[in-house]
Every structure is written in C-alpha cells, then in structure tokens.
Amino acid sequence: MSPGPSDVDTSKLRLGMVGGGPGAFIGAVHRAALAMDGRFQLVAGAFSADPQKSQAMGRELGLDPLRVYGSEEEMAAGEAALSENRRIHAVCIVTPNALHFEQAQRFLEAGFDVICDKPLTTSLADAETLATLVESTGRVFCLTHNYSGYPMVEQARALVASGELGSLRKVYVEYLQGWLGEPIEASGQKQAAWRTDPQQAGACGAMGDIGTHAHHLVEHVMGSPMTSLFASLDTFVEGRALDDDGMVLFRLANGASGSLVASQVCTGQENRLTLKVFGSEGGLEWRQEHPNDLAVFWKDRPSETWRPGNSWTTSRALEMTRLPSGHPEGYLEAFANHYRAFAAALDGKPLEAPTVHDGVRGLRFLNAVVQSARDRGWVALSP
C-alpha cells in the first residue's frame, strides 16, 4: 500500500501516475512493476478524468487525498508547487495513446522526468516535439516497450551483435492475439473500446497497439533500423474503424530482410509474440509465452536451448535476471527491469531502456505502414 501524508519514505524516488484508474489494466501492471525493486514510492496521481473515480483509486492505494488530483493539469501544478523534498521526482503516464503527448509535454515543462507507456504519441510531429523537448530540458524519458526487458531478449541481442550467427539474412516477428476477433467494443469493454477508436488510439489499431512492440523488438535485437517497408492492413470485424490485422515486409540497414505480422483476430491465440533471426552460420528463436527459452540453431552442430541465470550469459542479461535458474520470469519482471533502469537514470546513469527516440522510430514506422497500405507500395523510412 502506498503511504499516507506522514508516511513518505524519503529514501525512495517519489512517483506520480496519470491514468490507471478503476478497471484499467496497464496501470495495475505499472504499479506492480514500480514496486518490485523498492526504488519508487507512488505518492500522487490523477487516475481518471472523473475526479470521483480518481479519488476512489487514491483511497484504494492509500494515498494522501490532497495528492489525488482531478486532472493532470492540477497534478502538474500542484506537485510543482510543493517543496523539493515532497514533490514527485517523476510521473508515469498510462493513459490511452492520444493523451500521451499533452500529458508528457506538460510534466516535462514542469520539470519532471517521465516514464510513458507506448506508443509515444499518435502523430510523428508530436513525437518529434517531445524528443526535442527532452533534449532541451535534459529530463529522463523512458518508453515502456517492455519486451526488451526480458533477459533472454537481451541475450539474443548480444548473440546477434557478436557476429556468431554470421551474415544476417532474415528476421521474422509475429505478434498474434485473438481477443478482438468479435466486436466486443460494442458491449462497452473498456480495453477494446479505446483501442478501436481512432480518436483515442490514433491512425492504427492492432499495428499501433502490438505492431509497435514487434517493430521495437526487431530493431532492438538486430541492432539495426528498418530502412523500407511494404505493408497491408486489414479490418476483419465488420464496422470497426481501425485495422485489427496487418502484415509488413521490411528491409534493415544491415542488409537483412524480414516480415512482421500483428493481428488481434487470430482465434485461440493469447499473446503469441515470436521472434526468429537467421544468419549464414546460425539462427535463434524467442517466444514471449515461453520467455526463459532462447532456441539457438547452428549450421554445423546441434541446436541448443539457452536459459537465463547462468554464468555464461552476458552481464547485462544477468542483471536483468531476478530469480535463480529454472524459475520462470515474465511480463511483470520485464516491466520492472525498465523501472529499475529508469531509477538508475534518475540517479545520473545512462538510461538502459527504450527512450523517447525509440518512440519517434515507432511513429515513423506507423506512418510508413499507413502510407504503404494506402498507396500499395514500398516506403522508405528516414533514419
């Protein structure tokens, strides 16, 4: 439980949250993750656009009612007015996509560091504005592409960078879900409603929601940006305004080519994110639903399964491993790894997590996808 007015732990970094009110999924995930290492203390929040719901969430979390706000405007002004030893150090933004820009901009300008759920914004212009603002203010900005927080994803990245796979040729990423196979947004299902609404989600549906994760995973593991793509977007559920399925062919700066699939209408699939990389000497495969296993393939010797927590993994992968070998680690731990990196960055260390610039790359990807699907042609991505 978070502290009351006299229980603030001055040894911890004080955090505020925007969004994550009653019934919100991702807010609860962030709260669990930020508490895992004991570096942060949630002391303030504007949890809902409805002040009564915000106060209800604050009571549930045990917060001082005076630091539970009815809007992010009130929160930014109210926290900035507090003394330095009481105000928040940073804010966590867990609202629908369309709100990220104004909220992040407001807190950056008020002098606070920001950790924000993805995608960064709903427009490339807004994303670039935030990147410029982060640079000019010197604030720390972390974007929670949480799948890069898994130890074996870090190990895969190191294996690619080592050159042991040889000349990199192919990369395939699939992110398959089935939960939007029916028009559940029509029944008022909260998570479906905002993700299928262009006013809240932006120009893309499935591609913006989970395709951006797949895009970031490819560039993160491959250590190379996409340079061009050819995309197709589909809407299978009748009456839906945004895509619920999409496919992308792409090329990377390092010469490899590949494909990306993001679908939320694959019946029976839960959260099937899979990455495969192939080079001239070997390959690898990682599946989010079995995150402790990294399959490694070789041209001239038997295939292997690598697992976290062993001494032969990289120092960074070991740092990201929280449990003894053989104990499963997953979604919450990956989020917590980003929060731990964010805390270290607030202490002055380099940020070892996705940044605002990764967010800009994500919006360039989405812009190119929309353009390619509309024009039915290849689109170049700027670096």
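Structure's up top.
Below: a short report on this structure. In this text, all values refer to a predicted model and were calculated from it rather than measured experimentally. (Residues numbered from 1 in each chain as written. Predicted model: local features only at pLDDT ≥ 70, side-chain atom pairs only at ≥ 80, totals over all residues. Heavy atoms only, no water.)

1. Focus on the sheet that holds strand β9 (residues 257-263)
We count it as follows: The criterion for strand pairing is that DSSP finds at least two bridges linking the strands in question. Numbering of helices and strands runs from the N terminus; a helix is a DSSP stretch of H or I covering at least four residues, while a strand is a stretch of E covering at least two. In this analysis, two residues are considered to be in contact whenever any of their non-hydrogen atoms come within 4.5 Å of each other. The axes are straight lines fitted to the C-alpha atoms, using for helices just the contacting stretch, and the angles between their N-to-C directions are given from 0 to 180°.
Overall, mixed pairing links the nine strands, which are arranged β13-β12-β11-β10-β6-β9-β8-β7-β14 in an open sheet. Of all strands in the sheet, those with a lone pairing partner are β13 (304-306) and β14 (379-380), marking the two edges. Contacts from helix α9 (residues 206-222) reach β6 (168-176), β7 (226-234), β8 (245-252), β9, β10 (272-279) and β11 (282-287) within the one sheet, and its direction differs from that of β9 by about 150 degrees.

2. As for the sheet that holds strand β4 (residues 113-116)
Hydrogen bonds between backbone atoms are what pair the strands of a sheet, whose relative direction is either parallel or antiparallel. Judged by pairing direction, the sheet is parallel, and its five strands sit side by side in the order β2-β1-β3-β4-β5 without closing on themselves. A single partner strand is all that each edge strand has here, and the edge strands are β2 (40-46) and β5 (141-143). Pairs of neighbouring strands in the sheet enclose a mean axial angle of 20 degrees, with direction left out of account. Direction of pairing for strand β1 (residues 13-19) relative to β2: parallel, over a ladder of six bridges.

3. Details of helix α2 (residues 51-61)
Every α-helix winds through 3.6 residues per turn, so residues three or four apart in the chain are directed the same way. Our working rule: Exposure classes here rest on a 1.4 Å probe applied to the protein chains alone. A residue is buried below 20% of its type maximum, exposed above 50%, and partly exposed in between. Read the arc as the range of directions from the helix axis to the C-beta atoms. Each polar contact in these results corresponds to two N or O atoms within 3.5 Å; when the atoms are within protein, one needs to be able to donate a hydrogen and the other to accept it, and residues that are neighboring in sequence are counted only if both atoms are side-chain atoms.
Taken together, the buried positions of α2 are Ser-54, Met-57, Gly-58 and Leu-61. The arc enclosing the buried residues of α2, seen along the axis, measures out at 100 degrees, which places them on a common side. The exposed set on the far side of α2, more than 90 degrees from its buried face, consists of Gln-52, Arg-59 and Glu-60. For α2, the secondary structure elements touched by its buried residues are α1 (25-35) and β2. The residue sitting at the N-terminus of α2 and contributing the capping side-chain oxygen is Asp-50; that oxygen lies 2.9 Å from the backbone nitrogen of Gln-52. Downstream of α2 by one or two residues, Gly-62 has phi in the positive range, about 75 degrees.

4. Quick word on helix α3 (residues 72-80)
Among the residues of α3, those classed as buried are Glu-72, Met-75, Ala-76 and Glu-79. Projected onto a plane normal to the axis of α3, the buried residues spread over an arc of 95 degrees and lie on a single side. Structurally, α3 contributes buried residues whose contacts are with β1, β2, β3 (90-94) and α4 (100-109).

5. With respect to the packing of aromatic side chains
Operational definition: A pair of aromatic rings is counted whenever rings of Phe, Tyr or Trp (Trp by its six-membered ring) have centres within 6.5 Å, and the orientation is called stacked for planes under 30 degrees apart, edge-to-face for over 60 and tilted otherwise. A ring has a charge above it when a Lys NZ or an Arg CZ is no more than 6 Å from the ring centre and no more than 35 degrees off the ring normal.
All told, the structure shown has 13 aromatic pairs when counted by the stated rule. Both rings, one in Phe-230 and one in Trp-378, keep their centres 6.1 Å apart while their planes meet at 50 degrees; by these two values the pair is tilted. Of the two residues, Phe-230 sits in strand β7 while Trp-378 sits in the loop between α12 (356-375) and β14, which places them 148 residues apart along the sequence. Residue Phe-230 is classed as partly exposed on the basis of its relative accessible area, which comes to 30%. Overall, the relative accessible area of 44% leaves Trp-378 in the partly exposed class. A connected cluster of aromatic rings, assembled from ring pairs, spans Phe-25, Tyr-147, Tyr-150, Tyr-175, Trp-286, Tyr-331 and Phe-335. We note Arg-301 situated over the ring of Trp-298; from NZ or CZ to the ring centre the distance is 4.0 Å.

6. Looking at the packing of helix α6 (residues 151-162) against α9
Convention followed: Orientation labels follow simple angle bins: below 35 degrees gives roughly parallel, above 145 gives roughly antiparallel, 65 to 115 gives roughly perpendicular, and whatever is left gives oblique. Ten residues, namely Ala, Val, Leu, Ile, Met, Phe, Trp, Tyr, Cys and Pro, are considered nonpolar, four, namely Asp, Glu, Lys and Arg, are considered charged, and the remaining ones, Gly among them, are considered polar.
The geometry of α6 relative to α9 is characterised by a closest axis approach of 7 Å and an angle of 45 degrees between their N-to-C directions. Overall, the two elements α6 and α9 adopt an arrangement that is oblique. Listed contacts from α9 to Val-153, Glu-154, Ala-156, Arg-157 and Val-160 of α6 are Leu-217, His-220, Val-221 and Met-222. In terms of residue class, the contact of α6 with α9 is built from six nonpolar, one polar and two charged.

7. Thoughts on the nonpolar core
Here is a general trend for soluble globular proteins: nonpolar side chains tend to be buried in one another's company. Note the following rule: For this analysis, a nonpolar core means a set of buried residues of the types Ala, Val, Leu, Ile, Met, Phe, Trp, Tyr and Cys, connected via side-chain atoms within 4.5 Å.
Leu-260 and Phe-365 are the most contacted members of the largest nonpolar core, which totals 45 residues. Ignoring any residue separated from it by four or fewer positions in sequence, one finds Phe-365 in contact with Met-207, Gly-211, His-215, Met-226, Leu-229, Val-248, Leu-260 and Leu-381. With 29 residues, the next largest nonpolar core counts Val-18, Ile-88, Phe-107 and Ala-131 among its residues.

8. With respect to the packing of helix α5 (residues 124-137) against α12
Which entries qualify depends on this criterion: Whether a crossing is left-handed or right-handed is set by the direction in which the near helix is turned from the far one by less than a right angle, anticlockwise for left-handed and clockwise for right-handed.
Two numbers describe how α5 lies on α12: the axes approach to 9 Å, and their chain directions differ by 165 degrees. If you check the angle between α5 and α12, you find them roughly antiparallel. Considering the relative orientation of α5 and α12, their crossing is left-handed. The residues of α12 that touch α5, namely those facing Leu-124, Ala-127, Glu-128, Leu-130, Ala-131, Val-134 and Glu-135, are Val-356, His-357, Val-360, Leu-363, Arg-364 and Asn-367. Taken together, the residues of the contact of α5 with α12 sort by class into eight nonpolar, two polar and three charged.

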